[in-house]
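Coordinates in review
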Amino acid sequence: MMKLKRFLSGLLLSTAAAIAPVHAAPILSDIVFVVDESGSMGTVQANLRANIGLFASILTGTGQVDAQYGLVGYGDNAVVPRMVTDLTDPASFATAAQGLKINGGTEPGYTATAFALNALDGQSDLFSFRSNAVKNIIILTDEPSNGDFAFRGSVGGSAVNSSVLDGLLTSNNALYNGVLRGTSTDNSYRTLIEDHGGTVFNLNLFNTSDQTIVQQFVTDFANAKLQETLDFCQLNPTNPACQPSTSVPEPSSLALIGLGLLGIFTRYRRRPVASVAV
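Comments concerning helix α6 (residues 183–195)
End to end, α6 covers 18 Å across 13 residues, agreeing with the expected 18 Å (1.5 Å per residue, within 8%). The largest bend in α6 comes to about 40 degrees, at Y189. Each element contacted by the buried residues of α6 is listed here: β2 (65–74), α4 (109–116), β4 (134–141), α5 (162–171), β7 (175–180) and β8 (200–202). G197 lies just past α6 and shows a positive phi near 75 degrees.

Re the packing of helix α2 (residues 42–60) against helix α7 (residues 211–235)
Packing of α2 against α7 brings their axes to within 9 Å, and their N-to-C directions diverge by 40 degrees. Relative to α7, the element α2 lies oblique. Crossing angle aside, the handedness with which α2 passes α7 is right-handed. The segment α2 lies against α7, with N47, N51, L54, F55, I58 and L59 engaging Q211, V214, Q215, V218, T219, F221, A222, N223, K225 and L226. A class-by-class count of the residues in the contact of α2 with α7 yields nine nonpolar, six polar and one charged.

Re the pattern of salt bridges
All chains considered together, the criterion is met by nine salt bridges. Between R190 and E194 there is a salt bridge, with the nearest N and O atoms lying 2.8 Å from each other. Of the two residues, R190 and E194 are both situated in helix α6; the distance of four residues between them amounts to about one turn of the helix. Note on R190: relative accessible area 31%, which makes it partly exposed.

A closer look at the sheet that holds strand β3 (residues 82–88)
Within the open sheet, the six strands sit side by side as β3-β2-β1-β4-β7-β8. Their pairing is mixed. In the strand order of this sheet, the two ends are held by β3 and β8, each with one partner. If you compare each strand with its neighbour and ignore which way they point, the axes differ by 20 degrees on average. As judged from the four bridges shared by β2 and β3, these two strands associate in the antiparallel manner. Following the sheet pairing, Y69 is matched in β3 by T88.

Description of the packing of aromatic side chains
By the definition in use, this model includes 13 aromatic pairs. Seen from their ring centres, F201 and F217 are 6.4 Å apart, and the 85 degrees between their planes marks the pair as edge-to-face. Note that F201 is positioned in strand β8 and F217 in helix α7, a separation of 16 residues in sequence. For the pair F201 and F217, a shared accessibility class is recorded, and that class is buried. Between F206 and F217, the ring centres sit 5.3 Å apart and the planes meet at 35 degrees, which makes this aromatic pair tilted. Of this pair, F206 sits in the loop between β8 and α7 while F217 sits in helix α7, and the two are 11 residues apart along the sequence. Relative accessible area serves as the criterion here: at 7%, F217 is assigned to the buried category. Following the ring pairs from residue to residue traces out a cluster consisting of F33, F55, Y69, F93, F201, F206, F217 and F221. Its guanidinium or amino end placed over the ring of F129, K135 lies 4.7 Å from that ring's centre, counting from NZ or CZ.

A look at the nonpolar core
Grouped together as the largest cluster of nonpolar side chains are 40 residues, with contacts concentrated most on F33, F55, Y69, L71 and L140. Residue assignment for this core shows that the elements contributing at least two residues are β1 (27–36), α2, β2, α3 (90–96), β4, β7 and α7. Residue contributions to this core peak at nine residues, all from α7. Every residue in contact with F33, bar those within four places of it in the chain, is listed here: L48, I52, F55, Y69, G70, L71, V72, F93, I138 and L140. In this structure, V32, Y74, I139 and Y176 belong to the second largest nonpolar core, which totals 29 residues.

Cut-offs applied
- Note on numbering: residues in each chain are counted from 1, in written sequence order.
- With the structure being a predicted model, the display of local features is reserved for residues of pLDDT at least 70 and the display and counting of side-chain atom pairs for 80 or more, all residues being used for whole-chain, interface and lining totals.
- Processing note: side-chain calculations cover all non-hydrogen atoms of the structure and skip hydrogens and water entirely.
- Each helix corresponds to a stretch of at least 4 residues labelled H or I by DSSP, and each strand to a stretch of at least 2 residues labelled E; elements are numbered beginning at the N terminus.
- Take the number of residues in a helix, subtract one, and multiply by 1.5 Å to get its expected span.
- For a residue, the bend is simply the angle between two axes, fitted respectively to the seven-residue segment ending there and the seven-residue segment starting there.
- Working rule for contacts: check all heavy atoms of both residues, and any pair within 4.5 Å makes them a contact.
- Axis geometry follows a simple rule: fit a line to the C-alpha atoms, using only the stretch in contact for helices, then measure angles between N-to-C directions, giving values from 0 to 180 degrees.
- An angle below 35 degrees is read as roughly parallel, one above 145 as roughly antiparallel, one from 65 to 115 as roughly perpendicular, and any other as oblique.
- A clockwise turn of the near helix away from the far one marks a right-handed crossing, whereas an anticlockwise turn of less than a right angle marks a left-handed crossing.
- Three classes are used: nonpolar for Ala, Val, Leu, Ile, Met, Phe, Trp, Tyr, Cys and Pro, charged for Asp, Glu, Lys and Arg, and polar for all others, with Gly counted as polar.
- The term salt bridge refers to a pairing of a side-chain nitrogen on Lys or Arg with a carboxyl oxygen on Asp or Glu at a separation within 4 Å.
- Throughout, exposure labels follow a simple rule: accessible area from a 1.4 Å probe, protein chains only, divided by the maximum for the residue type, with under 20% read as buried, over 50% as exposed, and the rest as partly exposed.
- One requirement defines pairing of two strands: DSSP has to find at least two bridges between them.
- For Phe, Tyr and Trp, rings pair up if their centres lie within 6.5 Å, where Trp contributes its six-membered ring, and each pair is then called stacked (planes under 30 degrees apart), edge-to-face (over 60) or tilted (otherwise).
- As a reminder, the over-ring test applies to NZ of lysine and CZ of arginine, requiring each to be within 6 Å of the ring centre and within 35 degrees of the ring normal.
- Working definition of a nonpolar core: buried Ala, Val, Leu, Ile, Met, Phe, Trp, Tyr and Cys residues. They are joined through side-chain atoms within 4.5 Å.

Written as structure tokens, this is what we have:
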């Protein structure tokens, strides 16, 4: 009897291990870069194109995050924000980013961020955010938000100011990050960024032709974004992007296994006891 108990116990444990593994799915993150298209941003744009692959490899290399990347350009000579590419893979992003311009001088960054969230009145170009992904907006600029007039993009008929943008980031449960240069630029964005789970980074480290500095910046930036995404799910465990995926055996499989084990045990109990000669 003791041998049978050991056998059944081992069989149950090994069967459970085989059919009911638990797999934590990576956190989905939809990242939109919002890039200033004024004349001083050419080097930054080139470094973004050249290093999006490095950024992505660090962010997703651990298997904890599954990310895709979109791009908004704003502040060219037409001023209004525009979609340069919808959410896509790093290689396609880099190709599309060749379409960024450097011929502007007015930078309505608040309006551009609202555009990145699909929030402008009558907006026709919409980012294809996954319903269960963390939204992460990253703005790169060396100027404070300026020229945010309703005719360049409105929300509820009003121009986008910091208060309107704060509400949009909150309603989208979006992370907001800035790669910024200059005191006035910092003053324009820092509070919004820090109030929405993000960090301000130094644009000077990304606005150089020294690739050693650039790649170190990208490495540090990507690692910070990875940790930020993991922290987001620690703070927001009920967010759809933060729900684990598990592999659970079908009820019919469990029933069959249970019946089989019951049959083995019953047959053993009914076996006739051999007579002992005396």
